[in-house]
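What follows is each chain in one-letter form.
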Amino acid sequence: ETGVTQSPTHLIKTRGQQVTLRCSSQSGHNTVSWYQQALGQGPQFIFQYYREEENGRGNFPPRFSGLQFPNYSSELNVNALELDDSALYLCASSLTVQRGIYGYTFGSGTRLTVV
Amino acid sequence: GNSVTQMEGPVTLSEEAFLTINCTYTATGYPSLFWYVQYPGEGLQLLLKATKADDKGSNKGFEATYRKETTSFHLEKGSVQVSDSAVYFCEGTGNQFYFGTGTSLTVIP
């Protein structure tokens, strides 16, 4: 059984640019959540996707958007990048009905640096 | 709103010492509670969980008991090893998803 894979692992972008991060969920998982983890902080919930629709959102502006595809993989898009967007972006998948029982499977993350 | 509060670190212990990392939650209802561990340069790994009051989660020598009366889910290990050095996160899952800020643990030989 494969885990959660994220790409790319590292990325450097310039302020004002746009970025797309990708995530392949664990086999059998139908729900994907995205988190932003600043250095030395805990993960902050961005949003969750279930059946290709946003199913919950944290306190992030609209320039953070996402997609989920029929195969349950997902993208996180960030427009008009700001320096404070520099962080580790984590993707986590779960089987929705069992999320509260089994928790999430996390990817290793994408380290985004905005200069 | 819902939240999780973790004991602040960093924590430094000698090998074979006893470990406690405190976690308390604030939530409407009764969330499922989890502990995750993050090793340097890696994503989070589920360490243990409890889904209802008085449940005890355990894994790799770590334990945590879901205590409704104190709204706590403290992580304990009787004898830590150097390989336990990592950052530990407490998380609550209900209608929302919320992590604590993490507690860094360093175990020295």
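What counts, and where the lines are drawn
Residues numbered from 1 in each chain as written. Chains lettered and ligands numbered in written order. Predicted model: local features only at pLDDT ≥ 70, side-chain atom pairs only at ≥ 80, totals over all residues. Heavy atoms only, no water. Helix = DSSP H or I, 4+ residues; strand = E, 2+ residues; numbered from the N terminus. Rg over C-alpha atoms; globule rule 2.2 N^0.38 Å. Buried < 20%, exposed > 50% of the residue type's maximum accessible area, 1.4 Å probe, protein only. Contact = heavy atoms within 4.5 Å. Buried area = accessible area lost by both parts, 1.4 Å probe. Polar contact = N/O pair within 3.5 Å; in protein donor to acceptor, adjacent residues only side chain to side chain. Pairing = 2+ DSSP bridges. Axes fitted to C-alpha atoms, helices over the stretch in contact; angles between N-to-C directions. Salt bridge = Lys/Arg side-chain N within 4 Å of Asp/Glu carboxyl O.

**With respect to the overall build of chain A**
What chain A contains, in helices and strands, is one helix and eleven strands. Relative to its length of 115 residues, chain A is compact, with a C-alpha radius of gyration of 13 Å against a globular reference of 13 Å. If one aligns the C-alpha atoms of chain A with their principal axes, the spans along those axes are about 40 × 25 × 25 Å. Expressed as a percentage of the 115 residues in chain A, the buried residues total 49%.

**Some details on the environment of Thr71(B)**
All names here are of chain B. Following the sequence through the fold, Thr71 ends up in the loop between strand 8 (62–65) and strand 9 (75–77). C-alpha separation for the pair Thr71 and Leu19, spaced 52 residues apart in sequence, amounts to 20 Å. Here Thr71 is in contact with Cys23, Thr24 and Tyr25, once residues within four sequence places are set aside.

**Re the interface of chain B and chain A**
Each partner contributes residues to the interface: chain B has 18 residues there, and chain A has 19 residues. Here chain B packs against chain A, burying approximately 1400 Å² in sum over the two surfaces, 59% of which is carbon and sulfur. If you sort the residues of chain B by the area they bury against chain A, Leu44(B), Phe97(B) and Phe99(B) come out on top, with a joint share of 40%. Between chain B and chain A we count three residue pairs in polar contact (both at pLDDT 80 or more) in total.

**Looking at the sheet that holds strand 3 (residues 19–21) of chain B**
What holds strands together in a sheet is hydrogen bonding between their backbones, with the strands either parallel or antiparallel. All names here are of chain B. In spatial order, the strands read 3-9-8-7; together these four strands make up an open sheet with antiparallel pairing. This sheet does not close on itself; its edge strands, each paired only once, are strand 3 and strand 7 (56–59). Neighbour-to-neighbour, the strand axes of the sheet open up by a mean angle of 15°, direction not taken into account. Bridge analysis of strand 8 against strand 9 gives three bridges, and the strand direction is antiparallel. Looking at the pairing, Phe62 lines up with Lys77 of strand 9.

**So, the pattern of salt bridges**
One pass over the full model with this rule turns up seven salt bridges over all chains. A salt bridge links Arg63(A) to Glu82(A); the shortest N-O distance between them is 3.3 Å. Placement of the pair is Arg63(A) in the loop between strand 6 (53–57) and strand 7 (64–68) and Glu82(A) in the loop between strand 8 (74–78) and strand 9 (87–94), with a sequence separation of 19 residues. The shortest N-O distance in the salt bridge between Lys52(B) and Asp55(B) comes to 3.3 Å. Linked by salt bridges that have partners in common, Arg63(A), Glu82(A) and Asp85(A) make up one network.

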